[in-house]
Amino acid sequence: FGIALAVSRSDGGTRMTETGMSLGTPHYMAPEQAMGEREITPKADIYALGCVLYEMLTAEPPFTGPTAQAIIARVMTEEPRSLTLQRRTVPAHVEAAVGRALEKLPADRFATAAQFSDALAGQGVPMPAPREGTVKRSAERPRRRWALPAAAVALLAAGLVGGRLLAPRGDGPPPARFSIQLPETSRLFGAPLTVIALSPDGRTIVYTGETPRGQEQFSRALDALEPSLIGGTEGTTEPRFSPDGRWLAFFQGTTLKRMPALGGPAVTVPTPPQGIFRYIWDDRDGFIVTTLGFSLGRLLGDGTIDTLAVPDTANGELGLIPGGILPDGSILTHVWIGVSTNGPVDAIDPSAGARRRILRTPVSGAWYAQGTLIWCDAGGGLFAAPFDAGRMTVGSTVTQLARNVRIVPGGLPQVVVSPGGALAYVPAQPTDLVRVDRGGRVAVITEEPRRYHSPRVSPDGRRVAFDVTERTRDVWLLDLKDRTTTRLSFQNDGHDPTWLPDGRSVTYMSARGSGLALLRSRADGSGSAESLLVFNNMSVHTYTPDGRSGVGSYSGIGGSWDIMQVDLDPGRSTTPVLATRFSESHAALSPDGRWLAYQSDESGRLEVYVRAFPGGGAKTLVSQGGGTEPVWNRNGRELFYVGTQASGEPMLFAASIATAPEFRVLSRTPLFPFSTYEQSVPHADYDVFPDGRSFVMVRQGRLGEIVYLQNWPEMVRRQSPASGR
């Protein structure tokens, strides 16, 4: 190990650090060497050897960081993460030996490399007491004997450490982008949920995949050939790593659970009766959550919520979605505005609830890491810019990191960012517009894959209205006989079409500032679009048989969804239909206009209900074990909905209905699996043909790819004026 010391001396025996230079790679430098002390003893080599052995066992050095300064700061102030927490097969005496080699003070390390070698072989070298947090091993467990000769250890370290010290310096791996392909027999879960998680060090991806048992969690290390199934995760969604990487959390149904990241039994996390909608881990090993009322709060140990902020519904706010913790402890929050769910980004002080707007541009999600703000726009573009956390200001230089992020219905981007300088996302895949019969047989009805959304069959069954969600959103009409498409809206001015009962006109929603306008166009393309109403936070998706009133969803009490009736006569009045502290949406009127189907989370999970319209009265539960997206058969005797099999697999169900002498459900029949078809909020993303024998649906492309960005902060720094590049 004298190589590094010899090279580091100049004529006269003066350390090169006195000229402002420090020879060596920061990952392997002992604290005294990093501080530039004049005399460096062989115990610095003991430290370097400990670093090399640590990396051999865990695939990374004890301390990493985006810059040399960051690494040195960690070397001086932090303790290495326990080996056994990262690799359970490491013997306890090996962990203790490595820990002693990595002591901050030279006097606390081994006196010689021979002592280090003896300790690795378990030969009784005196060891200090284990640090707090060290995993204790059972005394009965047989130990592995590591009998590495001291000479071999010395030669190995001399080659590795010397090679590292003499190599050109670098602050980490170069920026890189690569695709992780799932096995052909596997695919990502396609429901409108977060399906990927990234460990804090960026080395392990967990994703929700589909299996015969429903959805389960898989772990894929970057250096692994294949993903591995995480046992005990049947029926789970929304995975998240804890900030220290030791735990994994997820929803199982509507229950929040956590389990050791390396595997083990899952335990239930107490949550409030009304449930939670989104969550992140905070830096105190707890959770910051969005409740089903869309308020932001801290989840307490007893399952209650310490509310931190509520949506400003008077200004069209629907919900507050946490995206991370900023350096000062503020919560980075994406503000959902109205039914579009795109909105600005705020920093919310958890102690006072005060807000500070840091990004006014409407986005679909935002994250923070390494002095950078990352956000995703409504079209799936992923961007990053330097962020001054002290002043809460975003730099002017914006770097585009990706162009085609998948955004699931409800405006949730499939992006995950690790604090260690990595991120991963699910790329958007083109979809097909398909016709599916009751047995699940599929026929493609469009010429080319695009990002189709919200298909609606005309009353005569001859045409389908839909919108295409790409860089822009516009409404189109498909003639099923000759398979031609014509544009109904122009200039990014329409989405979520609905046929009026007479079949001569189509209504659709269009963005107007922070609100939405309800427009009406003739289906034959004649005339110009007519603006019927402008809403602050509402959209309309079903009409009474006479076409004079519509019913839709709006963000109401506490930011949750409520249901409103709209009169299209000259008075243009609005009347609440369902307005509670729970979330009611996906309104669907029966063909005769007497019954209103909708979904609600009043039971703690989403279910489909029906009640009389317009008078209200008693409600009837239609679904069992969860249900969403109700759609009426045109004969009024069936109600279709997306439910869940006992295995956790989404299915399309047909509920047989009787309305006399009272409304009741006669039977519930599963038709075919729904997991490969798109869903949406706050309306269904499929429709039924007039004969009730087939459906129009949006079939997902194969979700079998995750894109990984390595050291993306360097991409941002290279474009920053301060970098000089």
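The model shown is predicted, which means the values in this text are computed figures rather than measured ones.

1. Notes on the overall build of the protein
Item 1. Assigned secondary structure in the protein consists of nine helices and 51 strands.
Item 2. Counting all 725 residues of the protein, 54% fall into the buried class.
Item 3. As presented, the protein carries roughly 30500 Å² of accessible surface, and 52% of it is formed by carbon and sulfur atoms.

2. Brief notes about the nonpolar core
Item 1. Counting residues in each nonpolar core, the largest one holds 26 residues, and the members touching the most others are Tyr47, Val98, Phe110 and Phe116.
Item 2. Top contributing element to this core by residue count: helix α3 (residues 43-58), with nine residues.
Item 3. Residue contacts for Phe116: discarding those within four places in its chain leaves Ile46, Leu49, Gly50, Leu53, Ala97, Val98, Ala101 and Phe110.
Item 4. Ranked by size, the runner-up nonpolar core spans 19 residues in total, among them Ala369, Ile374, Leu401 and Leu709.

3. Description of the sheet that holds strand β27 (residues 432-437)
What holds strands together in a sheet is hydrogen bonding between their backbones, with the strands either parallel or antiparallel.
Item 1. Within the open sheet, the four strands sit side by side as β28-β27-β50-β49. Their pairing is antiparallel. If you trace the sheet from one side to the other, it starts and ends with β28 (442-444) and β49 (686-688), each paired once. Direction aside, neighbouring strands of the sheet carry axes that sit 25° apart on average.
Item 2. Bridge analysis of β27 against β28 gives three bridges, and the strand direction is antiparallel.

4. Some remarks on the packing of aromatic side chains
Item 1. Following the criterion strictly, the structure yields 18 aromatic pairs and no others.
Item 2. Ring geometry for Tyr279 against Phe287: centres 5.7 Å apart, planes inclined by 70°, an arrangement best described as edge-to-face. Of the two residues, Tyr279 and Phe287, neither departs from the other in class, the shared state being buried.
Item 3. Feature note: the residues Phe640, Phe672, Phe674, Tyr677, Tyr686 and Phe695 constitute an aromatic cluster, connected by ring pairs.
Item 4. Against the face of Phe689 rests Arg435, its NZ or CZ located 3.6 Å from the ring centre.
Item 5. Positioned above the aromatic ring of Trp476 is the side chain of Arg450, whose terminal nitrogen or guanidinium carbon lies 5.7 Å from the ring centre.

5. Thoughts on the pattern of salt bridges
Item 1. Summed over the entire model, instances satisfying the criterion amount to 25 salt bridges.
Item 2. The salt bridge partner of Arg594 is Asp592, with a shortest N-O separation of 4.0 Å.
Item 3. One salt-bridge network, in which partners are shared between bridges, spans Glu317, Asp346, Arg355 and Arg357.

6. A closer look at the environment of Leu596
Item 1. Relative to the assigned elements, Leu596 resides in strand β42 (residues 595-600).
Item 2. Sequence separation between Leu596 and Trp632 is 36 residues, and the spatial gap between their C-alpha atoms is 9.8 Å.
Item 3. In this view, Leu596 contacts Val551, Ile563, Val577, Ala587, Ala588, Leu589, Tyr609, Val610, Arg611 and Phe613; residues no more than four positions away in its chain are not counted.

7. Some remarks on unusual backbone geometry
Item 1. Cis rather than trans, the peptide bond between Phe613 and Pro614 has omega equal to 5°.
Item 2. Here Pro614 shows up in the loop between β43 (607-612) and β44 (616-621).
Item 3. Residue Pro682 follows Val681 across a cis peptide bond; omega there is 0°.
Item 4. In this fold, Pro682 is placed in the loop between β48 (664-673) and β49.
Item 5. Even without a glycine there, the phi angle at Glu238 is positive, about 55°.
Item 6. The residue Glu238 is located in strand β6 (residues 236-241) in this model.

8. Some thoughts on the sheet that holds strand β30 (residues 463-469)
Item 1. Strands sit in the order β29-β30-β31-β32 across an open sheet of four strands; the sheet is antiparallel. The open sheet terminates on both sides in strands that have one partner only, identified here as β29 (452-457) and β32 (484-487). Strand-to-strand twist across the sheet, computed as the mean angle between neighbouring axes with direction ignored, equals 25°.

9. Regarding α3
Item 1. With 16 residues, α3 extends 23 Å from end C-alpha to end C-alpha; this agrees with the ideal 22 Å at 1.5 Å per step.
Item 2. Among the 16 residues that make up α3, 15 are buried, leaving the element largely enclosed by the rest of the structure.
Item 3. At the exit of α3 stands Ala59, carrying a positive phi of roughly 75°.

10. Remarks on the environment of Pro212
Item 1. With respect to the secondary-structure elements, Pro212 resides in the loop between β3 (204-211) and β4 (214-221).
Item 2. Of the residues examined, Pro212 reaches a relative accessible area of 79% and is grouped as exposed.
Item 3. For Pro212 and Glu649, which are 437 residues apart along the polypeptide, the C-alpha to C-alpha distance reads 8.1 Å.

11. Concerning the side chain of Glu216
Item 1. Looking at the secondary structure, you find Glu216 in strand β4.
Item 2. On the basis of relative accessible area, Glu216 is assigned to the buried category, the value being 1%.
Item 3. Sequence-distant contacts of Glu216, that is, excluding residues within four places in its chain, are made with Tyr207, Thr208, Gly209, Thr211, Leu229, Thr233, Glu234 and Thr236.

12. What about the pairing of β27?
Looking along a regular strand, one sees the side chains alternate between the two faces of the sheet.
Item 1. Pairing of β27 with strand β50 (residues 694-699), which is carried by six bridges, proceeds in the antiparallel orientation. When the sheet's bridge partners are listed, Val434 is paired in β50 with Met697.
Item 2. Linking two consecutive strands that pair antiparallel, namely β27 and β28, is a turn of four residues; a positive phi of about 90° is found at Gly440 within it.

13. Considerations on the side chain of Thr291
Item 1. One can find Thr291 in strand β11 (residues 287-291).
Item 2. A relative accessible area of 8% means that Thr291 is categorised as buried.
Item 3. Setting aside residues no more than four positions away along its own chain, Thr291 makes contact with Gly275, Ile276, Phe277 and Ile305.

14. Focus: the confidence of the model for the protein
Item 1. Mean pLDDT over the protein stands at 83; residues scoring 70 or higher make up 86%.
Item 2. When mean pLDDT is compared element by element in the protein, β49 scores highest at 98, while helix α1 (residues 2-7) scores lowest at 38.
Item 3. For residues 1-22, every residue scores under 50 in pLDDT, and the model assigns this stretch 29 contacts once sequence neighbours within four places are set aside.
Item 4. The low-confidence segment residues 129-170, where pLDDT is below 50, has 57 contacts with residues more than four positions distant or belonging to other chains.

So, how was this worked out
Residues numbered from 1 in each chain as written. Predicted model: local features only at pLDDT ≥ 70, side-chain atom pairs only at ≥ 80, totals over all residues. Heavy atoms only, no water. Helix = DSSP H or I, 4+ residues; strand = E, 2+ residues; numbered from the N terminus. Buried < 20%, exposed > 50% of the residue type's maximum accessible area, 1.4 Å probe, protein only. Areas by Shrake-Rupley, 256 points an atom, 1.4 Å probe, with all protein chains shown as cover. Core = buried A, V, L, I, M, F, W, Y, C linked by side-chain atoms within 4.5 Å. Contact = heavy atoms within 4.5 Å. Pairing = 2+ DSSP bridges. Axes fitted to C-alpha atoms, helices over the stretch in contact; angles between N-to-C directions. Phe/Tyr/Trp six-rings, centres within 6.5 Å; stacked < 30°, edge-to-face > 60°. Lys NZ or Arg CZ within 6 Å of the ring centre and 35° of its normal. Salt bridge = Lys/Arg side-chain N within 4 Å of Asp/Glu carboxyl O. Expected span 1.5 Å × (residues − 1). pLDDT = per-residue confidence, 0-100.

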